[in-house]
Amino acid sequence: MSTPHNSAKKGDIAETILLPGDPLRAKFIADNFLENPIQFNTVRNMFGYTGTYKGKRISVMGTGMGIPSIGIYSYELIHFYGVKNLIRIGSCGAIQDDLNLYDVIIGMGACTNSNYAHQYNLPGTYSAIASFELLEKAVSVAKEKNIPVRVGNILSSDTFYSADDTEVERWQKMNILGIEMEAYALYCNANFAKVNALTILTVSDSIVKKEETTAEEREKSFTKMMEIALELA
Ligand SMILES: O=P(O)(O)O[C@H]1O[C@H](CO)[C@@H](O)[C@H]1O
Ligand SMILES: O=c1cc[nH]c(=O)[nH]1
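Residues numbered from 1 in each chain as written. Chains lettered and ligands numbered in written order. Predicted model: local features only at pLDDT ≥ 70, side-chain atom pairs only at ≥ 80, totals over all residues.

Peer 1: Could you give an account of the site of ligand 2, naming the residues involved and the relevant values?
Peer 2: Around ligand 2, the structure places Ser91, Cys92, Gly93, Phe160, Ile179, Glu180, Met181, Ser204, Asp205 and Ile207. Here the shell around ligand 2 takes three residues from strand β5 (residues 85-94), the largest share from any one element. Each residue belonging to the shell around ligand 2 can be placed in one class, and the counts come to five nonpolar, three polar and two charged. (Near = placed C-beta within 6 Å. Helix = DSSP H or I, 4+ residues; strand = E, 2+ residues; numbered from the N terminus. Nonpolar A, V, L, I, M, F, W, Y, C, P; charged D, E, K, R; others polar.)

Peer 1: Quick one: what's the story with the site of ligand 1, residue by residue and with numbers?
Peer 2: The environment of ligand 1 is formed by Pro20, Gly21, Asp22, Met65, Gly90, Ser91, Phe160, Glu180, Met181, Glu182 and Arg218. Here the residues of the shell around ligand 1 sort into four nonpolar, three polar and four charged.

Peer 1: Just give me the short version of the pairing of strand β1 (residues 16-19), but keep the residues and values in it.
Peer 2: Side-chain alternation along β1 places Thr16 and Leu18 on one buried face and Ile17 and Leu19 on a second face that is also buried. Where β1 and β5 come together, four bridges link them in parallel fashion. The partner of Leu19 across the bridge, within β5, is Arg88. (Buried ≥ 20, exposed ≤ 12 C-beta atoms within 10 Å, placed from the backbone. Pairing = 2+ DSSP bridges.)

Peer 1: Provide a residue-level description of helix α1 (residues 23-32), including the pertinent values.
Peer 2: When you tally the buried positions in α1, you get seven out of 10 residues, the bulk of the element. Within α1, the full set of buried residues consists of Pro23, Arg25, Ala26, Lys27, Phe28, Ile29 and Ala30. Tucked inside the fold, the buried residues of α1 contact β1, β2 (35-41), β3 (48-53), β4 (56-61), α6 (215-220) and α7 (223-230). (Contact = placed C-beta atoms within 7 Å.)

Peer 1: Kindly report on the confidence of the model for the chain, identifying the contributing residues and their values.
Peer 2: Looking at the chain as a whole, the pLDDT averages 97, with 100% of positions reaching at least 70. When the elements of the chain are averaged for pLDDT, α6 gives the smallest value, 90, and helix α5 (residues 183-193) the largest, 99. For this predicted complex, the interface score ipTM comes out at 0.98, alongside a pTM of 0.98. (pLDDT = per-residue confidence, 0-100.)

Peer 1: Report on the UniProt feature "binding site: a purine D-ribonucleoside" (unreviewed entry) in the chain, specifying residues and quantitative values.
Peer 2: Within this numbering scheme, the UniProt entry marks His5, Glu180, Met181, Glu182, Ser204 and Asp205 as carrying the feature "binding site: a purine D-ribonucleoside" (unreviewed entry). A maximum C-alpha distance of 30.4 Å among these annotated residues, which run over 201 residues, shows that they spread across the structure rather than meeting at one spot. Mapped onto the secondary structure, His5 falls in the segment before β1. Note that Glu180 resides in strand β9 (residues 178-180). Contact partners of Glu180, with chain neighbours within four places excluded, come to Gly90, Cys92, Ile154, Ser156 and Leu201. (UniProt positions renumbered as here; feature names shortened; annotations may be inferred.)

Peer 1: How would you explain the UniProt feature "active site" (unreviewed entry) in the chain if you had to name every residue and give the values?
Peer 2: Under the local residue numbering, the UniProt record ascribes the feature "active site" (unreviewed entry) to Asp205. When you line up the elements, Asp205 lands in strand β10 (residues 196-206). Beyond its immediate sequence surroundings of up to four residues, Asp205 is in contact with Gly93, Glu211, Glu212 and Thr213.

Peer 1: How would you summarise the packing of helix α2 (residues 67-79) against α5 if you had to cite specific residues and measurements?
Peer 2: Where α2 contacts α5, the axes come no closer than 8 Å and their chain directions differ by 25°. By the criterion of interaxial angle, the relationship of α2 to α5 is roughly parallel. Regarding α2 and α5, the two cross each other, and that crossing is right-handed. Contacts from Ile67, Ile70, Gly71, Ser74, Tyr75, Ile78 and His79 in α2 reach Tyr184, Ala185, Leu186, Asn189 and Ala193 in α5. Residues of the contact of α2 with α5, tallied by class, amount to eight nonpolar, four polar and no charged. (Axes fitted to C-alpha atoms, helices over the stretch in contact; angles between N-to-C directions. Parallel < 35°, antiparallel > 145°, perpendicular 65-115°, else oblique. Left-handed = near helix turned anticlockwise from the far one by under 90°.)

This is the structure:
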């Protein structure tokens, strides 16, 4: 069985999967961290691999950028491939002054400016939250590895380039730590299906301090969040 976006057969994908936006970050993880990785997807160059890490079966696959893209991939992983633990490992723009490049953030919840949750026809707004089980485990792995993490609320934005240059300040006042573009949809899909999801982010740029990393650094050097996520299988 395959889908329009994934050529994997049922059983090719592990119950736990790491989900970077960038498919080349998925390849980097397979090449550098997985034992015996086997590639299960190349459709649209959205590379996906399954291997083992410290003897445990785990997969990694790109999701592309933005809510519609991760919405498709995570839905298929959950409903067609039986994936139970979905861990996004992404980059984000920090919007608090005390966050620096390469800091690791765990998204306990995600706000959004997207309409993704309208599909559920809820009589109110939906708070998209992470799995407590994965969150607790990630925090304890980070402590064991001596990796400082900030746990809090993030923003999944539909825009990378916004027409409104005053909006960041308002999210900042609500104690949002960083802005990325996928977690909200991942959390909606996971909660709707009653499976586990978590988002771990590395600060790739500071929107407030006007500092940024390069594209190559975003692909290859965000290893602290990868080391935490790999232990969650
Ligand atoms: O580095 P990734 O995981 O792609 O995450 C962030 O980077 C992209 C924008 O540059 C968006 O996908 C955003 O969420
Ligand atoms: O979505 C994103 C990702 C990284 N940096 C940003 O400013 N936004």
